[in-house]
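As a plain string of letters, each chain reads:
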Amino acid sequence: SNFSDPKWLSKAQDHMLDFERQHAGKNIVGKLYRLCFDASKREDGTYDIYDEDARAYAKAYNDSLDLQKHGGKINLPKHLHENIPAGCQSLLG
């Protein structure tokens, strides 16, 4: 195919052997899930699924699941980066 990458195997091997990135990727999945949950919770105990930060964390959580399989970066607004552990910051786009 004209669209295939001739270096796909070496890229896949590099991705699979980057253990530090794999570890950070596993850590950020749970962190983003918890941040989404916490950001959507109101003071009265109800949940606001339309909260902008909660929605941004939810999208980033979805990206983090894809990151584990395909690599790339996680999209998250800059003002929320401070809530991500330092060891996972390199995964953010």
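Calculation criteria
Residues numbered from 1 in each chain as written. Predicted model: local features only at pLDDT ≥ 70, side-chain atom pairs only at ≥ 80, totals over all residues. Heavy atoms only, no water. Salt bridge = Lys/Arg side-chain N within 4 Å of Asp/Glu carboxyl O. Core = buried A, V, L, I, M, F, W, Y, C linked by side-chain atoms within 4.5 Å. Buried < 20%, exposed > 50% of the residue type's maximum accessible area, 1.4 Å probe, protein only. Helix = DSSP H or I, 4+ residues; strand = E, 2+ residues; numbered from the N terminus. Contact = heavy atoms within 4.5 Å. Polar contact = N/O pair within 3.5 Å; in protein donor to acceptor, adjacent residues only side chain to side chain.

### Quick word on the pattern of salt bridges
Using the criterion set out here, one finds 2 salt bridges in the structure. For Asp48, the salt bridge is made with Arg42, and the minimal N-O distance between the two is 3.9 Å.

### Quick notes on the nonpolar core
Of all hydrophobic cores here, the largest spans 14 residues; its most connected members are Ile28, Leu32, Tyr57, Ile74, Leu76, Ile84 and Leu92. Among the elements of the structure, helix H2 (19-40) and helix H3 (52-70) are those that each provide at least two residues to this core. Counting residues per element, this core draws most heavily on H3, which supplies 4 residues. If sequence neighbours within four positions are ignored, Leu32 has contacts with Tyr57, Ala60, Tyr61, Ser64, Ile74 and Ile84.

### Description of the side chain of Ser40
With respect to the helices, strands and loops of the structure, Ser40 is situated in helix H2. The residues touching Ser40, leaving out its near neighbours within four places in the chain, are Thr46, Tyr47, Asp48 and Ala54.

### Regarding the side chain of Ser64
Here Ser64 shows up in helix H3. A polar side-chain atom of Ser64 sits 2.6 Å from the main-chain carbonyl oxygen of Tyr61. For Ser64, the contacting residues outside a window of four places in its chain are Ile28, Val29, Leu32 and Ile74.

By themselves these figures say nothing about function.
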